[in-house]
Structure formats: C-alpha cells, structure tokens
Amino acid sequence: MENTDASSPERKLQCSDVGKCFQLLERILDGELVEGGNEMLQEKLDQCQPCFAHFHLEQAIREVLKTKCTKQPLPDKLAESIRQMIQDAR
Amino acid sequence: MSEVQRRKYSQEERSVVFDGEFMPHIDSMYNFAFRLTFDEDDAKDLVQDTYMKAFRFINSFEQGTNAKAWLFRILKNSFINDYRKKSKKPATVDYQEVETFYNSDDVDYQSTSDLRAESVKDMLGDEISNALNGLAVDFRTVIILADLEGFTYEEMAKILDIPIGTVRSRLHRARNLLKDTLKGYAQSMGYGRDEEED
Ligand SMILES: [Zn+2]
C-alpha cells in the first residue's frame, strides 16, 4: 500500500535528480507508459519527499482540471441545429 | 500495416458514422471551443463549422479510428484559420515566439514545494478555470487536450501538427505557468500555510 502521509521519516528530503525524477513522474501521470514505471514510481514515492510532494501536486492539478473545467453547458439546440444543417446538406 | 482502403460511405453509413461517432463528442467540442474563444456565439459557430466540415469530409475519416481526435483537429484548424484573426481578445503571445524563447531541450523541473496538493484541492472551480483561461492560447490548448480530454501525447501531436517532443515540452511549460498562477492564488488566499486557523 502506498504511504499517504504527507511526510515520512523514511523519505529523504533532497531529491538526487529532480529533473529526471519529475519528468518520469509526469509521464506516468500522463499515462505515457515507461518501462518499469510502476516499480520506479513506488520506490520514489516511498523514499523521496520531493518526488512524493511533486507527484501528489501534479495529480491534484490534473484532477481539479478534469473535474472543474469540463462542465461548460452545451447551449440549447446546438446539437439539434447541427443535425438540421446536416439534413439540409444532404 | 495494410493499406487503408478509402471508399465512399453510403448515405446510410454516413448517418451512422455521424450520429454514432461524431455527435457523442459535442460536449467536449463545445468546451474546447468555448475555452478557445471565450465567447458563446463564437464557440457555437466554431462547433457548427467543425461538424459541417466533418460531414463534408467524412470519406476521409476511417471508421474505427479515433473520431474525437479527428474532430478536435478540424476544430483547432478552423479556430486558427477563421477565428483567431477576428478574435475579440487582444492577441496573446504566439507559440512561435514562446518556443523560440524557451529552448525545448532545456526543460526545467523545479520543486514547487510552496504549492501543496491540498491547497489545489481546496480551490474553487473558478480559480482553476481562471488560471487556465489566463494562459496563452497554445499553452491553454495543450492542457485542455491532455488534462481535460485525456488525449495521449501522440494524439496531441496529430491534432496540433507538431512533434511529440514539442507536445511534451509545451505541456510542461504550460503546467509550470499554471502552477505559478495557482501559487499566487494560494498565497493571496492564505492557503498553503501550515499554521492553525484561529
Ligand atoms: Zn526524487
């Protein structure tokens, strides 16, 4: 199970390679599969505090974007008028 | 891979493809159009134009392939060709300029420890939405495609006609800019501090 504590004494406080690590984390979050990605991810989340924080921040941002920015209400009759236009074009 | 057999759809097949594969994406299409134009009427026109073009060029759509990506590509091209010029908003930074400014090889990954996941989760929809809308159109677009619509880098590369490496770096820039804005909101609203409320 993933350790969900915001901080853990087991994690190191400095990331040895922020560039590589964060890039990897972001690709995993984007669903771009990296070979051995899950194992690497688990290791980083367990052992590295900056990676842990970055992963959860990036994940939270993706979640709020998805849940809060996709609800633009479709204007009434837009679908209907498109169907009508297509009918007329036939 | 076998060669794609282009053939004409019959009248009936066209209806099946249009209703079954194109129309289900209308909500996503409208959301995209609205976030590009910030105007309800422009967004409506843009979606209508896109569907008209989709219908007209339906024979170049191969059934079973990704209809949503195909439609998004048409919408994005229509936006660039027809709407961007007459947009009511003053032109923001163009991606040409932006990408000349940023060298795409040198992507910086910095620790954003002063913005916490909890603060982001506590934000209201308006704040997130405003932060997204405040991004230059090319940065906004990649976030919409990736995070709102769940397209893969490869699909985004096709929709935007740019290499995958550019998708990746543009997306990374866009997220950094978004985080900067969110950080500003978090600070001004007192999120992200550890002290207890009194
Ligand atoms: Zn690390």
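Bear in mind that the values here come from a model prediction, so they are computed numbers and not experimental data.

## As for the pattern of salt bridges
Right, on to step 1. Applying the stated criterion to the full structure yields 13 salt bridges over all chains.
Right, on to step 2. Here glutamate 154 of chain B ties to lysine 158 of chain B by a salt bridge, and the two come within 4.0 Å at their closest N and O atoms. Here glutamate 154 of chain B pairs with lysine 158 of chain B, and both are found in helix α9 (residues 153-160), just four residues apart, close to one helical turn.
Right, on to step 3. Overall, the relative accessible area of 47% leaves glutamate 154 of chain B in the partly exposed class.
Right, on to step 4. By sharing partners, the salt bridges in this structure join Asp30, Glu58 and Arg62 of chain A together with Asp147, Arg175 and Lys179 of chain B into a single network.

## Digging into the packing of aromatic side chains
Residues and elements named next belong to chain B.
Right, on to step 1. With the rule as written, the count across this model stands at nine aromatic pairs over all chains.
Right, on to step 2. Here the aromatic rings of phenylalanine 18 and phenylalanine 55 are separated by 5.7 Å at their centres, their planes lie at 85 degrees, and the arrangement is edge-to-face. Residue phenylalanine 18 is found in helix α1 (residues 11-22), and its partner phenylalanine 55 is found in helix α3 (residues 40-56); the two are separated by 37 residues along the sequence. Here phenylalanine 18 and phenylalanine 55 have matching classes, each one buried.
Right, on to step 3. Here the aromatic rings of phenylalanine 32 and phenylalanine 72 are separated by 4.9 Å at their centres, their planes lie at 15 degrees, and the arrangement is stacked.

## Some thoughts on the coordination of the zinc ion
Residues and elements named next belong to chain A.
Right, on to step 1. Donor atoms from the polypeptide that coordinate the zinc ion comprise Cys15 (SG), Cys48 (SG) and Cys51 (SG), at 2.3 to 2.4 Å from the metal.
Right, on to step 2. Sequence spacing of the donor residues for the zinc ion, all on one chain, is C-x32-C-x2-C.
Right, on to step 3. Since its relative accessible area comes to 0%, cysteine 51 is described here as buried.

## Regarding the packing of α3 of chain B against helix α4 (residues 67-83) of chain B
Residues and elements named next belong to chain B.
Right, on to step 1. As a packed pair, α3 and α4 sit with axes 9 Å apart at the nearest point and diverge in direction by 125 degrees. As the angle between them shows, α3 and α4 are arranged oblique. For α3 against α4, the interelement crossing comes out right-handed. Contacts between α3 and α4 involve Asp42, Asp45, Leu46, Val47, Asp49, Thr50, Tyr51, Lys53 and Ala54 on the former and, on the latter, Trp70, Leu71, Ile74, Leu75, Ser78, Phe79, Asp82 and Tyr83.
Right, on to step 2. When grouped by side-chain class, the residues that make up the contact of α3 with α4 number ten nonpolar, two polar and five charged.

## Considerations on the environment of glutamine 72 of chain A
Right, on to step 1. By the secondary structure assignment, glutamine 72 of chain A is in the loop between α3 (49-68) and α4 (78-89).
Right, on to step 2. A relative accessible area of 22% places glutamine 72 of chain A in the partly exposed class.
Right, on to step 3. Discounting chain neighbours no more than four positions away, the residues touching glutamine 72 of chain A are Tyr30, Asn31 and Phe34 of chain B.

## Here's the deal with helix α2 (residues 26-37) of chain B
In an α-helix there are 3.6 residues to a turn, and that puts residues three or four apart on one side.
Right, on to step 1. Taking 1.5 Å of rise per residue, twelve residues should cover 16 Å, and α2 of chain B covers 16 Å from first to last C-alpha, within 8% of that figure.
Right, on to step 2. Listed in full, the buried residues belonging to α2 of chain B are Ile26, Ser28, Met29, Tyr30, Asn31, Phe32, Ala33, Phe34, Arg35, Leu36 and Thr37 of chain B.
Right, on to step 3. Tucked into the core, α2 of chain B has its buried residues touching α4 of chain A together with α1, α3, α4, α7 (125-133) and α8 (137-148) of chain B.
Right, on to step 4. With its phi angle positive at about 60 degrees, phenylalanine 38 of chain B sits one or two positions after the end of α2 of chain B.

## Brief notes about unusual backbone geometry
Right, on to step 1. Although it is not a glycine, lysine 77 of chain A adopts a positive phi angle of roughly 70 degrees.
Right, on to step 2. Relative to the helices and strands, lysine 77 of chain A is located in the loop between α3 and α4.
Right, on to step 3. Within the chain, aspartate 161 of chain B stands out as a residue other than glycine whose phi angle is a positive 55 degrees.
Right, on to step 4. Given a relative accessible area of 46%, aspartate 161 of chain B falls into the partly exposed group.

Conventions used here
- Residues numbered from 1 in each chain as written.
- Chains lettered and ligands numbered in written order.
- Predicted model: local features only at pLDDT ≥ 70, side-chain atom pairs only at ≥ 80, totals over all residues.
- Heavy atoms only, no water.
- Salt bridge = Lys/Arg side-chain N within 4 Å of Asp/Glu carboxyl O.
- Helix = DSSP H or I, 4+ residues; strand = E, 2+ residues; numbered from the N terminus.
- Buried < 20%, exposed > 50% of the residue type's maximum accessible area, 1.4 Å probe, protein only.
- Phe/Tyr/Trp six-rings, centres within 6.5 Å; stacked < 30°, edge-to-face > 60°.
- Donors = N, O, S within 2.8 Å, 3.2 Å for Na, K, Ca; no water.
- Axes fitted to C-alpha atoms, helices over the stretch in contact; angles between N-to-C directions.
- Parallel < 35°, antiparallel > 145°, perpendicular 65-115°, else oblique.
- Left-handed = near helix turned anticlockwise from the far one by under 90°.
- Contact = heavy atoms within 4.5 Å.
- Nonpolar A, V, L, I, M, F, W, Y, C, P; charged D, E, K, R; others polar.
- Expected span 1.5 Å × (residues − 1).

Structural measurements only, silent on function.
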